[in-house]
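# Residue-level structural notes
Here are the chains, one letter per residue:
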Amino acid sequence: MPLTAIDRKILCALQEDGRMTVQAIADRVGLSASPCLRRIRQMEQAGIISGYSASVDQKAVGLPVSVFISIKLERQRAEELDAFGAAIGRWPEVMECYLMTGQFDFLLRVVCADLEAYEQFLRARLTQIAGVASIESSFSLGQIKQSRALPL
């Protein structure tokens, strides 16, 4: 589905506030409510809008520690890559996981309450996956920028 300028404006409005009413979005982008809703539904059906969620402050819910973990596997065969992805996909502490080029195979962002919780995660989960050759952890000292809004 090719995006029009109006579609991009709708997406920008929804990224700014996903609870905005259709009428408010329509007013912002210069449409009436019915065609605005139709465009939103088309973008949902096309998979451009993949869902709606609330942004939750991780510190406010007791998960102030962010750890970036670089993982190197012993072998980079499809089976090992898939097995690793399946394992970490089940763990709620893993907020993001990327398959990487370069020195490491995966980059994870994990959230936890404190160093003890991270150690438990490392020992009980991460080090138990077969085929992991190395694990390198970097702790975030602070967040400079966070955005879920794409630059449309």
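Here is a short report on the structure shown in this document.

## Structural notes on the overall build of the protein
Across its full length, the protein holds five helices and four strands. Secondary structure of the protein in N-to-C order comes out as α-α-α-β-α-β-β-α-β. Since a compact globule built from 152 residues should have a radius of gyration of about 15 Å, the 20 Å found for the protein marks it as more spread out than a globular shape. Structurally, the protein occupies a C-alpha span of about 55 × 35 × 25 Å along its principal axes. Counting across all 152 residues of the protein, residues that qualify as buried make up 26%. The long-range fraction of contacts in the protein, counting pairs at least 24 apart against all pairs at least 6 apart in sequence, stands at 64%. Only carbon and sulfur atoms are counted for the fraction: they give 52% of the accessible area of the protein, which is about 10,200 Å². With 17 positive and 17 negative side-chain charges, the protein shows a spacing of 7 Å between the two charge centroids.

## Details of the pairing of strand β2 (residues 94-99)
Relative to strand β3 (residues 106-112), β2 runs antiparallel, the two sharing five bridges. Of the residues in β3, the one forming a bridge with E96 is R109. Counting the residues that bridge the hairpin from β2 to β3 gives six residues, and of these G102 lies at a positive phi of roughly 95°.

## Some points on the nonpolar core
Judged by nonpolar contacts, the single largest core of 20 residues is most densely connected at I69, I71, F84, L108 and L126. Breaking this core down by element, the ones donating at least two residues are β1 (65-73), α4 (78-89), β3 and α5 (115-124). In terms of residues, this core owes the most to one element, β1, which gives five residues. For L108, the contacting residues outside a window of four places in its chain are V67, F68, I69, I71, F84, I88, V94, E96 and C97. If you look at the next biggest cluster of nonpolar residues, it comprises twelve residues, including A13, I25, A26 and C36.

## Side note on the environment of Q58
Residue position: Q58 is located in the loop between α3 (33-45) and β1. When the C-alpha atoms of Q58 and R125 are compared, they prove to be 21 Å apart, with 67 residues separating the residues in sequence. Residues contacting Q58, with those up to four places away along its chain left out, are L63, P64, V65, S66, R109 and V111.

## Considerations on the sheet that holds β2
Here we have four strands laid out as an open sheet, ordered β2-β3-β1-β4, and antiparallel in their pairing. Looking at which strands have only one partner, the edges of the open sheet turn out to be β2 and β4 (132-139). In this sheet, neighbouring strand axes are inclined to one another by 20° on average, regardless of whether the strands run parallel or antiparallel. Sheet analysis places β1 next to β3, joined by seven bridges and oriented antiparallel. Counted as the bridge partner of I71 is F106 from β3. Across the sheet, α5 lies against β1, β2, β3 and β4, angled at about 165° from β4, the strand it touches most.

Reading the values: the criteria
Counting restarts for each chain: residues are numbered from 1 in the order of the written sequence. A pLDDT threshold of at least 70 governs which residues receive local features in this predicted model, and a stricter bar of 80 or more applies before side-chain atom pairs are shown or counted, although totals over entire chains, interfaces and linings include all residues. The side-chain figures draw on all heavy atoms in the structure; neither hydrogens nor water molecules are used. Runs of E in the DSSP output that reach at least two residues are strands. Runs of H or I that reach at least four are helices, and both are numbered from the N terminus. Put simply, the radius of gyration uses C-alpha atoms, and a globule should come to 2.2 Å times the residue count raised to 0.38. Burial here depends on accessible area, computed with a 1.4 Å probe over protein chains only, as a share of the maximum for the residue type. Under 20% is buried, over 50% is exposed, and the range in between is partly exposed. Contacts are assigned to residue pairs that have any heavy atoms within 4.5 Å of one another. Note on areas: Shrake-Rupley with a 1.4 Å probe; residue coverage comes only from the protein chains shown. Charged residues are defined here as Lys and Arg on the positive side and Asp and Glu on the negative side; His and the ends of the chain fall outside this count. Where a charge lies is defined by one atom per residue type, namely NZ (Lys), CZ (Arg), CG (Asp) and CD (Glu). DSSP bridges decide pairing: two strands pair if at least two such bridges lie between them. We define the nonpolar core as a collection of buried residues of types Ala, Val, Leu, Ile, Met, Phe, Trp, Tyr and Cys that are connected through side-chain atoms lying within 4.5 Å of one another. Note on geometry: axes are C-alpha line fits, over the in-contact stretch for helices, and angles between N-to-C directions span 0 to 180 degrees.

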